[in-house]
Amino acid sequence: MLAISLVLIAGYGLHARGIPFPLLQLSLFRIRTFSAAVSGSFFTRLGIGGVPFLLPLLYQVGLGFTPIQSGLLIMPQALAP
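Residues numbered from 1 in each chain as written. Predicted model: local features only at pLDDT ≥ 70, side-chain atom pairs only at ≥ 80, totals over all residues. Heavy atoms only, no water.

A. Molecular detail of the overall build of the protein. Looking only at helices and strands, one finds three helices and zero strands in the protein. Counting only C-alpha atoms, the protein reaches 55 × 30 × 25 Å along its principal axes. Considering the protein as a whole, with its 81 residues, one finds that 10% of them fall into the buried category. Of the accessible surface of the protein, which amounts to about 6,900 Å², a share of 75% is contributed by carbon and sulfur atoms. (Helix = DSSP H or I, 4+ residues; strand = E, 2+ residues; numbered from the N terminus. Buried < 20%, exposed > 50% of the residue type's maximum accessible area, 1.4 Å probe, protein only. Areas by Shrake-Rupley, 256 points an atom, 1.4 Å probe, with all protein chains shown as cover.)

Here you go:
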């Protein structure tokens, strides 16, 4: 999956350079504040996306809860809108 995503990103880079009005202008990444915002958002989304996988691991391995207790603690997060 990582290799496929890197190939697709490189393909978009080649495609964006060849058309006059790309969906995302790659020259925006030369602006420091834009690059910082995009990279910060990326790492924040990685962290938030990992919470449903890491919390049960913390509950079971770190705190010694049973899988049922761990699941019951995670259930409100799954039910929240």
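B. Focus on a nonpolar patch on the surface. Taken together, the side chains of Leu23, Leu24, Leu26, Phe29 and Val38 present a nonpolar region at the surface, about 440 Å² in accessible area. Tracing the backbone shows Leu23 in the loop between helix 1 (2-18) and helix 2 (32-62). (Patch = residues over 30% accessible without salt bridge, like charges linked within 9 Å, V, L, I, M, F, W, Y side chains within 5 Å. Salt bridge = Lys/Arg side-chain N within 4 Å of Asp/Glu carboxyl O.)

C. Representation of the packing of helix 2 against helix 3 (residues 67-79). Between helix 2 and helix 3, whose axes approach to 9 Å, the crossing angle comes to 145°. Between helix 2 and helix 3 lies a crossing whose hand is right-handed. Taken together, the residues of helix 3 that come into contact with helix 2 (itself represented by Val51, Pro52, Leu55, Pro56, Tyr59 and Gln60) are Pro67, Ser70, Leu73, Ile74 and Gln77. Split into classes, the residues belonging to the contact of helix 2 with helix 3 amount to eight nonpolar, three polar and no charged. (Axes fitted to C-alpha atoms, helices over the stretch in contact; angles between N-to-C directions. Left-handed = near helix turned anticlockwise from the far one by under 90°. Contact = heavy atoms within 4.5 Å. Nonpolar A, V, L, I, M, F, W, Y, C, P; charged D, E, K, R; others polar.)

D. Just helix 2, in detail. Counted at 1.5 Å a residue, the expected span for helix 2 with its 31 residues is 45 Å, but the 39 Å between its end C-alpha atoms falls short. Along helix 2, the sharpest change in direction is near 50° and occurs at Val51; proline Pro52 comes one to four residues later. Along helix 2, the positions that sit buried rather than exposed are Gly50, Pro56 and Tyr59. The inward-facing, buried residues of helix 2 contact helix 3. Where helix 2 terminates, the next one or two residues include Gly64, which has phi positive at roughly 80°. (Expected span 1.5 Å × (residues − 1). Bend = angle between axes of the 7 residues up to and from the residue.)

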